[in-house]
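Listed below are the residues making up each chain.
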Amino acid sequence: MAKIKKERSTTILAELLADYLQKNLPNFRIHKIAQHPDNWEQWLVDICEKNGWKHKHSPIIWRELLDRGGKGLLLGGFNDFLEHAQHYYGITSYMLSEEMLRIAEENLQTNIDIEKEEEELKRIKDVIIWGNITGSSYIDLTKAKLYRYDSAIWGPPSFSRPLLDMIFDGNWLRSDFVSALSSLSSWGHHCIGMSPAHVIATVLRYWYQDSPPGEIISLGVISEGQFGVPEGIVFSMPVMFRNGNWEVLTEIEITQQTQAFLQLLAKDLTREKQVALGEILELYQHRRGKIITKK
């Protein structure tokens, strides 16, 4: 732990010194590469092998003469960087360790947040799951978006394309895709495509922080008659989280075919409710556990 704190302190000193040099020297520019502690050692090995360097600690600092080309010149760690700054520019650095550690924690959290955001943008978003999340469900891809798809059309991380436009094999969507979803959780179909722990964590995070603007989230809620679903049954439908509350996205348009699927799923859930209340004894076994998709 002491070693980690020392490396964080020297890393922050190096960043502050670099910031000072860039601010006060007209032709001095810096480029910072932040790495999560879990990835640091492997990244260091890779960068040293690529450039033929030998360095084992954080930070690693090198100099590149952009106007001359060629590979970078390794300076070393913070002490080497400080000696370089003192020798060439007559500049040194002073900073209390408490402040260095505080800034290190802030930088680490910023890096983690950026990684989470980038990971989020890799998902297939706005997939709607209708119906019974533990039984028969309808996977609706009509609103789904695909990010960072490697094709002739490319854009920034926020650029997306309709998923169904990118799926050319309709038979695959109705057969292999459905089979893959069915086998994701052989121990009971507790959720579709994500672990229960991840689902709970995501819902709680969105409930507390709001869901991303414009993003569709599927949530099992007590129906109040939305989309023609009978009142009083727990039915998965599209929602958004805002200001500590959730609201059903009733403005989403659905086709007649989708509406027919919803009525079928609602009958199953109504029957489950009747069984739970002791009004009837059996479910429709032949429809349990099916996953329905539509292109």
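Computed from a predicted structure; not experimentally measured.

1. A look at the overall build of the chain
A tally of helices and strands in the chain yields nine helices and eleven strands. Per-residue burial for the chain yields a buried fraction of 36% across its 295 residues. Taking as baseline every contact in the chain between residues at least 6 positions apart, the subset at least 24 positions apart corresponds to 51%.

2. What about the nonpolar core?
In this structure, Trp130, Phe227, Phe235, Met237, Val239 and Phe241 are the most contacted members of the largest nonpolar core, which totals 24 residues. Counting residues per element, the ones that place at least two in this core are β4 (128–131), α8 (196–209), β8 (217–222), β9 (234–242) and α9 (256–276). In this structure, Leu13, Leu21, Phe28 and Ala85 belong to the second largest nonpolar core, which totals 13 residues.

3. Remarks on the confidence of the model for the chain
Per-residue confidence for the chain gives a mean pLDDT of 76, with 66% of residues at or over 70. Mean pLDDT in the chain bottoms out at strand β11 (residues 291–294), which sits at 45, and peaks at strand β10 (residues 245–248), which reaches 94. In the model, residues 185–194 has pLDDT below 50 throughout and makes 18 contacts with residues more than four positions away in sequence or in other chains. Predicted confidence is poor over residues 286–295, with pLDDT under 50, and the contacts of this stretch with residues over four places away or in other chains come to 45 contacts.

4. A few points about the packing of aromatic side chains
Within the structure shown, the criterion is met by seven aromatic pairs. Ring centres of Tyr138 and Phe261 lie 4.9 Å apart, and the angle between their planes is 45 degrees; on these two criteria the pair is classed as tilted. With Tyr138 in strand β5 (residues 137–140) and Phe261 in helix α9, this pair connects stretches of sequence that are 123 residues apart. Each member of the pair, Tyr138 as well as Phe261, is classed as buried. On the basis of an interplanar angle of 40 degrees and a centroid distance of 6.0 Å, the ring pair of Trp207 and Phe241 is categorised as tilted. Placement of Trp207 in helix α8 and of Phe241 in strand β9 is noted, with a sequence separation of 34 residues between them. Site record: aromatic cluster; members linked through ring pairs are Phe28, Tyr88 and Tyr89. Above the ring of Tyr88, the side-chain terminus of Arg63 is found at 5.9 Å from the ring centroid.

5. Notes on the pairing of β10
Pairing of β9 with β10 involves four bridges; the strand directions are antiparallel. Bridge pairing in β10 places Val239 opposite Val248.

6. A short note on the environment of Gly52
Looking at where Gly52 falls in the secondary structure, it is placed in the loop between α2 (37–51) and β1 (61–63). Separated by 22 residues in the primary sequence, Gly52 and Leu74 have C-alpha atoms spaced 9.6 Å apart.

7. A few points about the sheet that holds strand β3 (residues 124–125)
The antiparallel open sheet is built from three strands, whose spatial order is β3-β6-β7. Where the open sheet ends on each side, the last strands, each with one partner, are β3 and β7 (160–162).

8. Comments concerning the side chain of Gln226
Among the secondary structure elements, Gln226 is positioned in the loop between β8 and β9. A distance of 2.8 Å separates a polar side-chain atom of Gln226 from the backbone nitrogen of Glu224. Those residues in contact with Gln226 that sit more than four places away from it in its chain are Met237, Val248 and Thr250.

9. Here we look at the pattern of salt bridges
In total, this model carries five salt bridges according to the counting rule given. When the shortest N-O distance is used, the salt bridge between Lys32 and Glu15 registers 3.7 Å. Taken together, the residues Lys32 in the loop between α1 (2–24) and α2 and Glu15 in helix α1 connect sequence positions 17 residues apart. Glu215 serves as the salt-bridge partner of Lys125, at 3.6 Å between the closest nitrogen and oxygen. Of this pair, Lys125 sits in strand β3 while Glu215 sits in the loop between α8 and β8, and the two are 90 residues apart along the sequence. For Glu215, a relative accessible area of 12% translates into the label buried. Linked by salt bridges that have partners in common, Glu15, Asp19 and Lys32 make up one network.

Cut-offs and rules
- Residue numbering note: each chain is counted from 1, following its sequence as written.
- For this predicted model, a pLDDT threshold of at least 70 governs which residues receive local features, and a threshold of 80 or more governs which side-chain atom pairs are given and counted, while totals over whole chains, interfaces and linings are taken from all residues.
- Hydrogens and waters are ignored; side-chain quantities use all the structure's heavy atoms.
- Secondary structure elements follow DSSP: runs of H or I of four or more residues count as helices, runs of E of two or more count as strands, with numbering from the N terminus.
- Only protein chains enter the accessibility calculation, which uses a 1.4 Å probe; a residue whose area is less than 20% of its type maximum is buried, one above 50% is exposed, and one in between is partly exposed.
- Contacts were defined at the residue level, with two residues in contact if any of their heavy atoms lie within 4.5 Å.
- Take the buried Ala, Val, Leu, Ile, Met, Phe, Trp, Tyr and Cys residues and link them wherever side-chain atoms come within 4.5 Å; each set so joined is a nonpolar core.
- Each residue carries a pLDDT score, the predictor's own confidence in it, on a scale running from 0 to 100.
- Pairing of aromatic rings covers Phe, Tyr and the six-membered ring of Trp, with a centre-to-centre limit of 6.5 Å; geometry is then stacked below 30 degrees between planes, edge-to-face above 60, and tilted otherwise.
- We call a charge positioned over a ring when the NZ of a Lys or the CZ of an Arg lies within 6 Å of the ring centre and within 35 degrees of the ring normal.
- DSSP-based pairing: two strands are paired if at least 2 bridges between them are found.
- In protein, a polar contact means a hydrogen-donor-capable atom and an acceptor-capable atom, both N or O and within 3.5 Å, with residues adjacent in sequence counting only if both atoms are side-chain atoms; elsewhere, any N or O pair within 3.5 Å suffices.
- For salt bridges, the criterion is a side-chain nitrogen of Lys or Arg within 4 Å of an Asp or Glu carboxyl oxygen.

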